[in-house]
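Here are the chains, one letter per residue:
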Amino acid sequence: MSGASSRPVEKSGTFKLGGDLPIHRLGYGAMQLTGPGIWGPPKDRAEAVRVLRRAVELGVDFIDTADSYGPYVSEELIAEALHPYAKGVVVATKAGLVRTGPHEWHPVAAPKYLRQELELSLRRLKLERIDLYQLHRIDPKVPVEESLGELKDLQKEGKIRHIGLSEVSVEDIQRARKVVDVVSVQNRYNLTDRVHEKVLDYCEREKLGFIPWFPLATGGLAKPGAALDAVARKHQATPAQIALAWLLARSPVMLPIPGTSSVKHLEENLAGAEVKLGKEELAAVDAQASGR
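About the cut-offs
- In every chain, residue numbers begin from 1 and rise along the written sequence.
- Where totals are concerned, whole chains, interfaces and linings use all residues; where local detail is concerned, this predicted model gives features only for residues with pLDDT of at least 70, and gives and counts side-chain atom pairs only at 80 or more.
- Note that the side-chain values use all heavy atoms of the structure and ignore hydrogens as well as water.
- Here a strand is any run of E in DSSP of at least two residues, a helix any run of H or I of at least four, and the numbering for each starts at the N terminus.
- Atoms counted for the radius of gyration: C-alpha only. Globule rule: 2.2 Å times the number of residues to the power 0.38.
- Each residue is assigned to one of three classes by its accessible area relative to the maximum for its type, calculated with a 1.4 Å probe on protein chains only: buried under 20%, partly exposed between the two thresholds, exposed over 50%.
- Should any heavy atoms of two residues lie within 4.5 Å, those residues are considered in contact.
- Per-residue and other accessible areas were derived by the Shrake-Rupley procedure at a 1.4 Å probe size, with only the shown protein chains allowed to occlude residues.
- A pairing counts as a salt bridge when a side-chain nitrogen of Lys or Arg comes within 4 Å of a carboxyl oxygen of Asp or Glu.
- For helices, the axis comes from a line fit to the C-alpha atoms of the stretch in contact; other axes are also lines fit to C-alpha atoms, and the angle between any two N-to-C directions lies between 0 and 180 degrees.
- When describing relative orientation, an angle under 35 degrees is termed roughly parallel and one over 145 degrees roughly antiparallel, while 65 to 115 degrees is termed roughly perpendicular and anything else oblique.
- By convention the crossing between two helices is left-handed if the near helix lies anticlockwise of the far one by an angle smaller than a right angle, and right-handed if it lies clockwise.
- The residue classification treats Ala, Val, Leu, Ile, Met, Phe, Trp, Tyr, Cys and Pro as nonpolar and Asp, Glu, Lys and Arg as charged. All others, Gly included, are polar.

Quick notes on the overall build of the chain
The helix and strand tally for the chain stands at ten helices and eleven strands. Here the C-alpha radius of gyration of the chain, 18 Å, is about what a compact globule of 292 residues would show, namely 19 Å. Taking the principal axes of the C-alpha coordinates as reference, the chain spans close to 55 × 40 × 35 Å. Counting every position in the chain, which comprises 292 residues, the buried fraction comes to 55%. Counting only contacts in the chain whose residues sit at least 6 apart along the sequence, the fraction spanning at least 24 positions is 74%. Here the chain has roughly 12700 Å² of accessible surface; of this, 52% comes from carbon and sulfur atoms.

Right under this line is the structure:
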């Protein structure tokens, strides 16, 4: 892809979380900075630090993490690499999942636990306030009103600026909004997995940020001769860049956070913000991805 800029992320456009917190729409997800199974330290800690610093150099001002990534490792790396944070850099984190080993995740959203984890995240990230604090999962053993009520109290105490949700339905969001002002939703979404299409449409109508995790799953669409491959070759881009360009074009509230532990892949991914797809290209990719 020719003509790449030194800060490609700025081409992704902006979105105001909660109507008052501007961020570039293409961010960075820090889950993959940990060890295998999202467990333990990274194989190359120095490279992980370089990835975070390079992301900010390329224009990223929205970094998404969680206390359960590692656990704790991702937050510690972010502080090591970026504190004191550059002006405008937003670090979003989450609580509500407990880890017992690699690939193991268990919902726990008791009020006292959430308060404890918020305080620990503040300490690890070296922050006095979390700009976006997300309930990682609704705990089936705890009424969501109790979980969110605690986050609302922490918000009143000045320790949380905005509150978001993760892996929720439209009904979950509507129930949550009776307790707190929800500004974002983080659900799994990509070209080949659009189970949460209704949630995305709801977020767009309500002007809530939609943060798709696992945004680069492309399946067979990236194979030679497939839709992504053909469009990518036309733009001298990678299939991943085309997938990100499609996501950014899909909705003005879409906030993709592609993650990687490699500076090279980071640079490739973020250059996707500079790819602008025409209507026919968007339609072709969309049609093949949805099997039409």
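Thoughts on the pattern of salt bridges
Across all of its chains, the model carries 24 salt bridges by this definition. Between Arg54 and Glu57 there is a salt bridge, with the nearest N and O atoms lying 3.0 Å from each other. Of the two residues, Arg54 and Glu57 both sit in helix H1 (residues 45–57), three residues apart, roughly one turn of that helix. For Arg54, a relative accessible area of 26% puts it in the partly exposed group. Between Glu150 and Arg115 there is a salt bridge, with its nearest N and O atoms 2.5 Å apart. One end of the pair, Glu150, is in helix H4 (residues 144–156); the other, Arg115, is in helix H3 (residues 111–125), and 35 residues separate them in sequence. Residue Glu150 is classed as buried on the basis of its relative accessible area, which comes to 15%. Sharing partners across several salt bridges, the network here consists of Arg115, Glu119, Glu150, Glu157 and Lys159.

Let's talk about the environment of Val285
The topology assignment puts Val285 in helix H10 (residues 279–289). Taking the relative accessible area as the measure of exposure, Val285 reaches 1% and is therefore buried. For the pair Val285 and Ala243, spaced 42 residues apart in the sequence, the C-alpha separation amounts to 8.8 Å. If we skip the residues at most four places from it in the chain, Val285 touches Leu191, Ala227, Leu228, Val231 and Trp246.

Some points on the packing of H3 against H4
Interhelical geometry of H3 versus H4 gives an angle of 40° and a closest axis separation of 8 Å. It follows that H3 is oblique to H4 by the angle criterion. Classified by chirality, the crossing of H4 by H3 is right-handed. Contacts between H3 and H4 involve Pro111, Leu114, Arg115 and Leu118 on the former and, on the latter, Glu146, Ser147, Glu150, Leu151, Asp153 and Leu154. Partitioning the contact of H3 with H4 into residue classes produces five nonpolar, one polar and four charged.

A look at the packing of H1 against helix H2 (residues 73–82)
Describing two packed helices takes the angle between their axes plus the distance from one axis to the other. At a closest axis distance of 9 Å, the pairing of H1 and H2 adopts a crossing angle of 65°. Two packed elements cross with a definite hand, and for H1 against H2 that hand is right-handed. Residue-level inspection shows Arg45, Ala48, Val49, Leu52, Arg53 and Val56 of H1 in contact with H2, the latter providing Leu77, Ile78, Glu80, Ala81 and Leu82. Residues of the contact of H1 with H2, tallied by class, amount to eight nonpolar, no polar and three charged.

Structural notes on unusual backbone geometry
In the segment running from Gly70 into Pro71, the intervening peptide bond is cis, with an omega of -10°. Mapping Pro71 onto the fold places it in the loop between strand E4 (62–64) and H2. A cis amide bond links His83 to the next residue, Pro84, at an omega of 0°. For Glu167, which is not a glycine, the phi torsion comes out positive at approximately 50°. Along the polypeptide, Glu167 turns up in the loop between strand E9 (160–166) and helix H5 (170–176). When its relative accessible area of 25% is taken as the criterion, Glu167 is described as partly exposed. Of note, the phi angle at Gln236 is positive, near 50°, even though the residue is not glycine.

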